[in-house]
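Remarks on the overall topology
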Amino acid sequence: MKKNKPLKVSIVMGSQSDYKTMQLAEKTLKRIGVSFETKIISAHRTPKKMYEFASSAEKKNIGVIIAGAGGSAHLPGMIAALSPLPVLGVPIESKKLKGLDSLLSIAQMPKGIPVGTLAIGEDGAINAALLAASIIANSNPAIKKNLNNLRILQTKSVKKKPK
């Protein structure tokens, strides 16, 4: 019987400027030992590329998609409309509305097209990676162990008394 390759996470973002935030998802996944790929795919400027990516992601051993987008933030929802995979949306903080526009765009999906929406900006990117790792951990004992160890370290880092 052929053993399946471990699933990986795909981190996608609408533009190069989103990478400042989305690289935190990369760092978090690296720390946990989750395989990933990172791409720039714009729902508006590269719609054919987005369609090809979303419709073929499952065949490419991707288990979870983290999609960061700012402004109108259509990328996570459009990918979710085209792919059966879990899509985690990270609202990128925008200059004009501080990411509220991105958050509302990603969160307000019509029924039948779910996107797991995280916090705006850096916290959202890190939590998206942790959530993606949790999903991957359901079928990967090594990732589950690494994720549990990370949480134990997080708990131990809390001071017992203020200084």
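Everything discussed here concerns the structure shown above.
This paragraph deals with the overall build of the protein. Along the backbone of the protein there are six helices and five strands. Each helix (α) and strand (β) of the protein, taken in turn from the N terminus, gives the series β-α-β-α-β-α-β-α-β-α-α. The C-alpha radius of gyration of the protein comes to 16 Å, within 12% of the 15 Å expected for a compact globule of 163 residues. Based on the C-alpha atoms only, the size of the protein along its principal axes is roughly 55 × 45 × 30 Å. Looking at the protein as a whole, 42% of its 163 residues are labelled buried.

Let us now look at the sheet that holds strand S3 (residues 62-69). The sheet built from five strands is open, its strands ordered S2-S1-S3-S4-S5 with parallel pairing. Two strands in the sheet have a free side with no partner beyond their single neighbour: strand S2 (36-40) and strand S5 (116-117). Taken together, the five bridges between S3 and strand S4 (residues 87-91) define a ladder with parallel strand orientation. Looking at S4, one finds that isoleucine 65 is bridged to valine 87. On top of the sheet, helix H2 (residues 47-56) reaches strand S1 (8-13), S2 and S3; it is set at about 160 degrees to S2, its chief contact. Strand contacts of helix H3 (residues 75-82): S1, S3 and S4, with the helix running at about 150 degrees to S3, the strand carrying the most contacts.

One finds Val9, Ile11, Met22, Ile32 and Ile66 to be the most contacted residues of the largest nonpolar core, which totals 26 residues. Only S1, helix H1 (19-32), S3, S4, helix H5 (122-137) and helix H6 (141-156) provide two or more residues apiece to this core. It is H5 that provides the largest number of residues to this core, a total of eight residues. When residues no more than four places from it in sequence are discounted, the contact partners of valine 9 are Leu29, Val34, Ser35, Phe36, Glu37, Val64, Ile66, Ala132 and Ile136.

One pass over the structure, following the stated rule, counts one salt bridge. When the shortest N-O distance is used, the salt bridge between lysine 8 and glutamate 37 registers 3.4 Å. Here glutamate 37 lies in strand S2 and lysine 8 lies in strand S1, a separation of 29 residues in the sequence.

Analysis parameters
- Residues numbered from 1 in each chain as written.
- Predicted model: local features only at pLDDT ≥ 70, side-chain atom pairs only at ≥ 80, totals over all residues.
- Heavy atoms only, no water.
- Helix = DSSP H or I, 4+ residues; strand = E, 2+ residues; numbered from the N terminus.
- Rg over C-alpha atoms; globule rule 2.2 N^0.38 Å.
- Buried < 20%, exposed > 50% of the residue type's maximum accessible area, 1.4 Å probe, protein only.
- Pairing = 2+ DSSP bridges.
- Contact = heavy atoms within 4.5 Å.
- Axes fitted to C-alpha atoms, helices over the stretch in contact; angles between N-to-C directions.
- Core = buried A, V, L, I, M, F, W, Y, C linked by side-chain atoms within 4.5 Å.
- Salt bridge = Lys/Arg side-chain N within 4 Å of Asp/Glu carboxyl O.

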